Amino acid sequence: MDVLINVFVALHIIGIASLLGGFLTQMKAMGEGTARFTPAMLHGALTMLVTGVALVGLNQADDQAVNNLKVGIKLAVLVVILALVYVKRDDEKVGKGPFGAVGGLTLANIFIATLWS
């Protein structure tokens, strides 16, 4: 079971890397007002959602403690990210507000995951 959990953790990290990487590659364009949400950002957020749900289930099945408050907050933040990226995915330009919010919420999700013990 540990190997399976570690595989899903790796996939979860790949998802966050895709989301954050997509944001970081568009930072210059955000300054110019031409930023847009890339497909990698949407796919990364969806990967995070699927693997995160799988991780909660696998950890509970393995009788490991799951911090439901932490998971709930991370899920809520991810749902907001997904909503912003999904709704604006076809727009040629995304405003600085929504684009910056996705970046900030992504960073917040990373810090919640790593600092909240």
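In this text, all values refer to a predicted model and were calculated from it rather than measured experimentally.

1. Thoughts on the environment of Leu 24
1) Next: Structurally, the position occupied by Leu 24 is in helix H1 (residues 2-25).
2) Next: Separated by 14 residues in the primary sequence, Leu 24 and Ala 10 place their C-alpha atoms 20 Å from one another.

2. So, the packing of helix H4 (residues 68-87) against helix H5 (residues 96-115)
1) Next: Two elements in contact, H4 and H5, have axes separated by 10 Å at closest approach and are oriented at 160 degrees. Relative to H5, H4 is oriented roughly antiparallel. The chirality of how H4 crosses H5 is left-handed. In contact with Lys 70, Ile 73, Lys 74, Val 77, Leu 78, Val 80, Ile 81, Leu 84 and Val 85 of H4, H5 contributes Pro 98, Ala 101, Val 102, Leu 105, Thr 106, Asn 109, Ile 112 and Ala 113.
2) Next: Residue composition of the contact of H4 with H5, grouped by class: 13 nonpolar, two polar and two charged.

3. Some words on H5
Because each turn of an α-helix spans 3.6 residues, side chains separated by three or four positions in sequence point in the same direction.
1) Next: In this model, H5 (20 residues) spans 28 Å end to end at C-alpha, consistent with the 28 Å of a helix rising 1.5 Å per residue.
2) Next: Where H5 is concerned, the buried positions are Phe 99, Val 102, Gly 103, Thr 106, Asn 109 and Ile 112.
3) Next: Residues of H5 that are buried in the fold lie against H1, helix H2 (27-32), helix H3 (39-61) and H4.

4. A closer look at the pattern of salt bridges
1) Next: Per the stated rule, a full pass over the model turns up one salt bridge.
2) Next: Residue Asp 91 pairs with Lys 88 through a salt bridge whose shortest N-O separation is 3.9 Å.
3) Next: Residue class for Asp 91 comes out partly exposed when judged on its relative accessible area of 29%.
4) Next: Note on Lys 88: relative accessible area 30%, which makes it partly exposed.

5. Topic: the packing of aromatic side chains
1) Next: One pass over the structure, following the stated rule, counts two aromatic pairs.
2) Next: Residues Phe 23 and Phe 99 carry aromatic rings whose centres are separated by 5.1 Å and whose planes lie at 25 degrees to one another, so their mutual orientation is stacked. One end of the pair, Phe 23, is in helix H1; the other, Phe 99, is in helix H5, with 76 residues separating them in the sequence.
3) Next: Measuring from ring centre to ring centre gives 5.2 Å for Phe 37 and Phe 99, while their planes differ by 25 degrees; the resulting arrangement is stacked. Of the two residues, Phe 37 sits in the loop between H2 and H3 while Phe 99 sits in helix H5, which places them 62 residues apart along the sequence. Assigned by exposure class, Phe 37 and Phe 99 land together as buried.
4) Next: Among the aromatic residues, ring-to-ring pairing joins Phe 23, Phe 37 and Phe 99 into one connected group.
5) Next: Above the ring of Tyr 86, the side-chain terminus of Arg 89 is found at 3.9 Å from the ring centroid.

Calculation criteria
Residues numbered from 1 in each chain as written. Predicted model: local features only at pLDDT ≥ 70, side-chain atom pairs only at ≥ 80, totals over all residues. Heavy atoms only, no water. Helix = DSSP H or I, 4+ residues; strand = E, 2+ residues; numbered from the N terminus. Axes fitted to C-alpha atoms, helices over the stretch in contact; angles between N-to-C directions. Parallel < 35°, antiparallel > 145°, perpendicular 65-115°, else oblique. Left-handed = near helix turned anticlockwise from the far one by under 90°. Contact = heavy atoms within 4.5 Å. Nonpolar A, V, L, I, M, F, W, Y, C, P; charged D, E, K, R; others polar. Expected span 1.5 Å × (residues − 1). Buried < 20%, exposed > 50% of the residue type's maximum accessible area, 1.4 Å probe, protein only. Salt bridge = Lys/Arg side-chain N within 4 Å of Asp/Glu carboxyl O. Phe/Tyr/Trp six-rings, centres within 6.5 Å; stacked < 30°, edge-to-face > 60°. Lys NZ or Arg CZ within 6 Å of the ring centre and 35° of its normal.

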